[in-house]
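# A closer look at the structure
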Amino acid sequence: MTNESLLVAENVIVDYPIKGIGNKPFRALREVSIDVRPGETVGLVGESGSGKTTLGRAVLGLAPVTGGSIRFEGKEISKASPRERRALSKDIQVVFQDPYTSLNPSLTIEQTLTEPMRVAKISAKEASRRVTELLDQVGMPSNTLGRLPREFSGGQRQRIAIARALALNPKLIVCDEPVSALDLSTQARVLDLFREVQEETGVAYLFVSHDLTVVRHLSHRVAVMYQGEIVEYGDGDKVTSDPSHDYTKRLLLASPVADPGRQKVRREDRRALIDASK
Ligand SMILES: Nc1ncnc2c1ncn2[C@@H]1O[C@H](COP(=O)(O)OP(=O)(O)OP(=O)(O)O)[C@@H](O)[C@H]1O
Ligand SMILES: [Mg+2]
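Everything numeric here is computed off the predicted structure, so don't read it as measured data. Here the residue numbers are simple positions, counted from 1 along each chain's written sequence. By the order in which they are written, chains take letters starting at A while ligands take numbers starting at 1. Two thresholds apply to this predicted model, a pLDDT of at least 70 for residue-level local features and 80 or more for giving and counting side-chain atom pairs, whereas whole-chain, interface and lining totals are computed over all residues. With hydrogens and water set aside, each side-chain value is computed from the structure's full complement of heavy atoms.

This part covers the overall build of the chain. Looking only at helices and strands, the chain has ten helices and ten strands in total. For 278 residues, the compact-globule formula gives about 19 Å, and the C-alpha radius of gyration of the chain, at 20 Å, lands near that figure. Expressed along its principal axes, the backbone C-alpha trace of the chain runs to roughly 65 × 50 × 40 Å. Burial classes: relative accessible area under 20% of the type maximum marks a residue as buried, over 50% as exposed, and values in between as partly exposed (1.4 Å probe, protein chains only). Evaluated residue by residue, the chain yields a buried proportion of 47% over its 278 residues. A contact between two residues is defined here by any heavy atoms of the two lying within 4.5 Å. Contacts in the chain between residues far apart in sequence, at least 24 positions, make up 66% of those at least 6 positions apart. By definition, any uninterrupted DSSP run of H or I lasting at least four residues is a helix, any uninterrupted run of E lasting at least two residues is a strand, and each is numbered from the N terminus. Two things to know: the radius of gyration comes from C-alpha atoms, and the globule rule equals 2.2 Å times the number of residues to the power 0.38.

Right, dumping it as structure tokens:
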């Protein structure tokens, strides 16, 4: 944790209320600490239910933070008022997993991209210039502006969602499984786009994925979550190739490999690890 961090989460606790009298809340995050530096990608991996989305949502002000602190550029944001949140949305944006539900189906691409700028009171002329620039940045042809989301593939929709997130030049984008719904070759191209965008704009990503191989090439640092806690956090190459925690080792061995020979070896390795941890 350094002074130059963009985002610093410290000992963050999230308790979800459980319906029904006398039910204890469910603790989804147990004192999680993480930081993201300007222009950096921090990958967040872990199995389903480990709390990745919850951490992303806590940063976005969408999950109930019961304890700890979340600071953005040194300022506490975990208790931000709705008005402060709206102001923050210029700096902190989000790209969700499902490109089929994250875009409003009745808005054209131009309207989708213009909306955040309209809210931020950017002039129509400037917004129109920026929309063209954004489409170009995400590799979409400019003649697509008048079309509706349903006319695009999943990969193209994710490009549009990325363009929308970039509209106000954010400093941080929370990406929650942004390529998980895409087929493998589309995944690779959209991941390349994330990287290009970062090189061009210096935006930082908190990049959530259940798949270690997806975050491996993109992340400068990787945090591994397990049952609401971060069990390993460090240099991306180190964590994804030579992890120190047994859980990360299992996760690594569980991520898909195309080569059946290597798969067999890994299956045996995994079994040995599981046996050893019994
Ligand atoms: N609104 C909610 N109310 C109660 N419990 C919740 C709520 N949202 C999430 N949870 C629980 O919190 C835990 C963490 O959920 P979360 O969605 O953060 O996991 P995740 O790591 O993103 O999983 P996945 O890989 O499946 O997306 C899970 O046990 C989940 O059931
Ligand atoms: Mg999730």
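And the narrative resumes.
Ligand 1 sits among Y16, F26, A28, E47, S48, G49, S50, G51, K52, T53, T54 and E177. Taking G49, its main chain carries an N or O atom lying 2.8 Å from an oxygen atom of ligand 1. Think of a polar contact as two N or O atoms within 3.5 Å of one another; within protein, one of them needs to be a possible hydrogen donor and the other a possible acceptor, and neighboring residues in sequence only count if both atoms come from side chains. Within the backbone of G51, a nitrogen or oxygen atom sits 3.0 Å from an oxygen atom of ligand 1. For ligand 1, whose unbound accessible area comes to 640 Å², protein coverage reaches 61%. Of all the elements, helix α1 (residues 52–59) adds the most residues to the shell around ligand 1, at three residues. All residues other than Ala, Val, Leu, Ile, Met, Phe, Trp, Tyr, Cys, Pro, Asp, Glu, Lys and Arg, Gly among them, are scored as polar; the first ten of these are nonpolar and the last four charged. In the shell around ligand 1, the residues fall into three nonpolar, six polar and three charged. When we say a residue is near a molecule or strand, we mean one of its heavy atoms is within 4 Å of it. Here the open area of atoms and residues is found with the Shrake-Rupley method and a 1.4 Å probe, where only the protein chains shown may cover a residue.

To continue, consider the sheet that holds strand β8 (residues 204–208). What links the strands of a sheet is backbone hydrogen bonding, and the strands pair in either a parallel or an antiparallel sense. Note: two strands are recorded as paired if DSSP finds a minimum of 2 bridges between them. Pairing is mixed in the open sheet, where six strands are placed in the order β6-β7-β8-β3-β9-β10. The strands lining the two open edges of the sheet, one partner per strand, are β6 (92–95) and β10 (229–235). Across the sheet, the axes of successive neighbouring strands diverge by a mean angle of 15°, strand direction being ignored. In the sheet, strand β3 (residues 41–45) pairs with β8 via four bridges, with the strands oriented parallel. Paired with G43 across the bridge in β8 is F207. Running over the sheet, helix α5 (residues 154–166) touches β6 and β7 (172–176) and is turned about 175° from β6. Angles run from 0 to 180 degrees between N-to-C directions of axes, and those axes are lines fitted to C-alpha atoms, restricted for helices to the stretch in contact.

Direction vectors running N to C along α5 and helix α6 (residues 184–201) enclose 15°, while the axes themselves pass 10 Å from each other. As summarised for this structure, α5 and α6 are arranged roughly parallel, according to the angle between their axes. In this structure, the crossing between α5 and α6 has a hand that is right-handed. For the pair α5 and α6, the contacting residues are G155, R159, I162 and L166 in the first and T186, R189, V190, L193, F194 and V197 in the second. Looking at the contact of α5 with α6 residue by residue, the class counts come to six nonpolar, two polar and two charged. Here the word oblique covers every angle except those under 35 degrees (roughly parallel), over 145 (roughly antiparallel) and from 65 to 115 (roughly perpendicular). A crossing counts as left-handed when the near helix is turned anticlockwise from the far one by less than a right angle, and as right-handed when that turn is clockwise.

With that out of the way, let us pick up the pattern of salt bridges. When a carboxyl oxygen of Asp or Glu is within 4 Å of a side-chain nitrogen of Lys or Arg, the pair counts as a salt bridge. Going through the model one piece at a time under the given rule, you end up with 13 salt bridges. Across the pair E10 and R71 runs a salt bridge, and its minimum N-O distance is 3.1 Å. Of this pair, E10 sits in strand β1 (residues 7–16) while R71 sits in strand β4 (residues 65–72); the two residues are 61 residues apart in sequence, bridging distant segments of the chain. With a relative accessible area of 29%, E10 lands in the partly exposed category. When its relative accessible area of 26% is taken as the criterion, R71 is described as partly exposed. A salt bridge links K249 to D246; its shortest N-O distance comes to 3.9 Å.

Quick look at the confidence of the model for the chain now. Close inspection of predicted coordinates is inappropriate for parts of the model with low pLDDT. Think of pLDDT as the predictor's per-residue confidence, scored from 0 to 100. Per-residue pLDDT for the chain averages 90, and the proportion of residues at 70 or more is 90%. The secondary-structure element of the chain with the lowest mean pLDDT is helix α10 (residues 260–277), recorded at 64, while β1 shows the highest, at 98.

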